[in-house]
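Notes for the structure review
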Amino acid sequence: MSDSSRHNHGLARGLTNYGDAKFSLYLRRSFASSMGYSRELLDRPIVGICYAGGGFNNCHRLVPELIDAVKRGVLSAGALPIEFPTISLGEVFLVPTSLKFRNLMSMDVEEMIRAQPMDAVVLIGGCDKTVPAQLMGAASADLPAIQLVTGPMSTSRHQGERLGACTDCRRFWARYRAGELSEPEIEAVEQRLASTAGTCAVMGTASTMASISEALGMMPAGAAAIPAVDAERLRIAEETGRVAVTLIGSERPPSRIINQKSLENAIRVLLAIGGSTNAVIHLAAIAGRLGLEFDFNRLNDLSETTPVLVDLKPTGLHYMEDLGAAGGIPAVMRELGGLMHLDCETITGETVGDRVESWGKWVDRTVIRGIKDPIQITGGLVMLFGNLAPGGAVIKRSAADPRLFEREGRCIVFTSLDDLAARIDDPDLDVTADDFLVLQNAGPKSAAAMPEAGYLPIPKKLASSGVKDMVRISDARMSGTAFGTVVLHVTPDAASGGPLALVQTGDRIRLSVRERRLDLLLEEGELERRRSLSANQPTSSSTRGYSWLYDNFVTQANEGCDFAFLQKNGRM
Ligand code: FES
């Protein structure tokens, strides 16, 4: 660090205003000294360590160890590390949904990066919404930032069978619902599904967002898939701290690393890994923070030319720890080769091409397939359009039954999650395996705040007779760990008066994955008649606080469910 950088950085940044800058710095140093720092350390540039810890987030249990490791890296490279917490979003502990609070966390991240004196920042997150919230906040603050994830859980065993959260959670629960598992056995499984620290062990949203962050160039090579409990996770944390110091005074803020080309790299990787549908929402939100275009038609084009290469649950057989051992995301990017923008710069200063070139050549072909021998020749996700979803809908075709892709079906409509819970297992429910289950009022504008409820359970009377999959359609999301022929994110959502709100039991819907269509088979006149009857339904019941903000400003899924006023080119 040069002398001048010492004087313009660190504690001297962004002084609290008392009308006397020297006094402000003197006071700040004095208070910082009370924490026992030497003057030599207080003169150094500062790397903030933004972490989302807390007892309500099991996925972040080892964050304290990661902070220590990052600090080692920062100190060894000559800067002063100072950690600070933000809110944390533990996926299964939040009501109504973690997504509702993602924007709140992103605001926390953005404002605390901006308000506190730091020259670069390390973002430590992992659980589903925390990484997107950190990337969104850091993108808006646009201070040099580098991502560190907590890493995936390791798997365990139940009666010799390998288990990992949370595709297996759903698989065992479906067997329990079908009467194949006893009460004691499902309790035993409950204890073994999530048996280490870290994020869900399959290609769920957390693993997808970690992979995407690496593909964007926002973390060191290979960092996404290292298990949470592996010593290598601590070494990559230390390296992350060292890299953060190199960012100080550099021209490598998030707005330079995340651009239209690196966004396409992230989409390519998302498709090749069979990643979570939730990533479509989060990528749209991250893009919106930087004024980048996130075009669903472009995603469909990329999906046609990007094979699924990674054999992980829920699309395939393996777990995230296997992806790390098989070669990790750099090996996936090497397979994608010319499909990637290899000239994109990453946070370490290398290009994507440099990373791919210098990464070890060994790869485990049982987990990462070659581009000439893919699991599927086209990408995992497809966007659908039609009169039922003018703003788009998504289906994860890599985790669905292709026999259900070209279908017309009778709708069985559930008007809310409560209605679903009350009737789905009713023995008198008039439903067959050929019907389409439709859920309304579970989108971003609903009181439910877009829960991961799009994976509607198979009605018990069908499940017990062996039905494993049906076409399911909703404005909800689905956990990245789930599988099935499930159409999600129907936009606009029912609560904001979208066509989904007009569907009634007995109507027919046509799904064509090949044609990218989702259509309600009704005459426009009938649609108009129903629309006139359903107009002016109230959508917001909140009168104060964050819920009021959310209800009034959340955008639809195709805009990332962000708040318009947080987007770079957002409108109020
Ligand atoms: Fe945190 Fe799945 S619950 S990643």
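Structure: see above.
Keep in mind that what you see is a predicted model, and the values were worked out from it rather than measured.

A few words on the overall build of the protein. If you tally the helices and strands in the protein, you get 21 helices and 14 strands. Against the compact-globule benchmark of 25 Å for 572 residues, the protein has a radius of gyration of 24 Å, which places it among compact chains. Its C-alpha atoms put the protein at 75 × 55 × 50 Å along the principal axes. Put simply, the protein has 572 residues, and 60% of those count as buried. The contacts in the protein between residues at least 6 apart in sequence include a share of 75% that link residues at least 24 apart. Looking at the protein, you have 60 positive and 68 negative side-chain charges, and the mean spots of the two groups are 2 Å apart.

Here we come to the side chain of Thr240. Its place among the elements puts Thr240 in helix H10 (residues 231-247). Relative accessible area serves as the criterion here: at 0%, Thr240 is assigned to the buried category. If we ignore the near neighbours within four places in the chain, the residues touching Thr240 are Val122, Ile146, Gln147, Leu148 and Pro220.

Attention now goes to the sheet that holds strand S4 (residues 145-149). Here four strands make up an open sheet; going across it, the order is S2-S1-S3-S4 and the pairing parallel. Because the sheet does not close on itself, it has two edges, and the strands there are strand S2 (80-85) and S4. Along the sheet, successive strands turn relative to each other by an average axial angle of 20 degrees, direction set aside. Across the sheet, helix H6 (residues 130-141) lies against strand S1 (46-51), strand S3 (120-125) and S4, angled at about 160 degrees from S3, the strand it touches most.

Moving on, we get to the environment of Arg397. You can see Arg397 is positioned in the loop between strand S8 (389-396) and strand S9 (406-414). Along the sequence, Arg397 and Glu335 sit 62 residues apart, while their C-alpha atoms lie 21 Å from each other. Only 2.7 Å separates the side chain of Arg397 from the backbone oxygen of Gly379, close enough to count as a polar contact.

Attention now goes to the environment of Gly392. Positionally, Gly392 belongs in strand S8. Considering only alpha carbons, one finds Gly392 and Asn558, 166 residues apart in sequence, at a separation of 7.1 Å. With residues near it in sequence (within four places) discarded, Gly392 still touches Leu384, Phe385, His489, Val490 and Thr491.

With 124 residues, the main nonpolar core has Val47, Ile113, Ile124, Phe294 and Leu323 as its most contacted residues. No other element matches the eight residues that helix H13 (residues 278-289) contributes to this core. What Val47 contacts, discounting residues up to four positions off in sequence, is Val74, Ala79, Leu80, Pro81, Ile82, Ala120, Val122, Ala244, Val245 and Ile248. The next biggest cluster of nonpolar side chains, apart from the first, holds 27 residues, and it includes Ala389, Ala393, Phe436 and Val503.

Moving on, we come to the pattern of salt bridges. Tallying each qualifying case throughout the model produces 47 salt bridges. Between Glu180 and Arg175 there is a salt bridge whose closest N-O contact spans 3.4 Å. Across the pair Arg177 and Asp425 runs a salt bridge whose closest N-O atoms are separated by 2.6 Å. Placement of the pair is Arg177 in helix H7 (residues 167-177) and Asp425 in the loop between helix H18 (417-423) and strand S10 (436-439), with a sequence separation of 248 residues. Residues participating in the shared-partner salt-bridge network are Glu91, Asp128, Lys129, Glu452 and Arg477.

Once that is clear, we can look at the pairing of strand S11 (residues 471-474). Every second residue of S11 is oriented toward a common face, with Val471 and Ile473 on one face and Arg472 and Ser474 on the other, all of them buried. Where S10 lies against S11, four bridges are found, and the strand directions are parallel. Looking across to S11, one finds that Leu439 is bridged to Ser474. Where S11 lies against strand S12 (residues 486-491), two bridges are found, and the strand directions are parallel. The partner of Arg472 across the bridge, within S12, is Val486.

Each value, and the rule that gives it
- Residues numbered from 1 in each chain as written.
- Predicted model: local features only at pLDDT ≥ 70, side-chain atom pairs only at ≥ 80, totals over all residues.
- Heavy atoms only, no water.
- Helix = DSSP H or I, 4+ residues; strand = E, 2+ residues; numbered from the N terminus.
- Rg over C-alpha atoms; globule rule 2.2 N^0.38 Å.
- Buried < 20%, exposed > 50% of the residue type's maximum accessible area, 1.4 Å probe, protein only.
- Contact = heavy atoms within 4.5 Å.
- Lys, Arg positive; Asp, Glu negative; His and termini not counted.
- Charge placed at Lys NZ, Arg CZ, Asp CG, Glu CD.
- Pairing = 2+ DSSP bridges.
- Axes fitted to C-alpha atoms, helices over the stretch in contact; angles between N-to-C directions.
- Polar contact = N/O pair within 3.5 Å; in protein donor to acceptor, adjacent residues only side chain to side chain.
- Core = buried A, V, L, I, M, F, W, Y, C linked by side-chain atoms within 4.5 Å.
- Salt bridge = Lys/Arg side-chain N within 4 Å of Asp/Glu carboxyl O.

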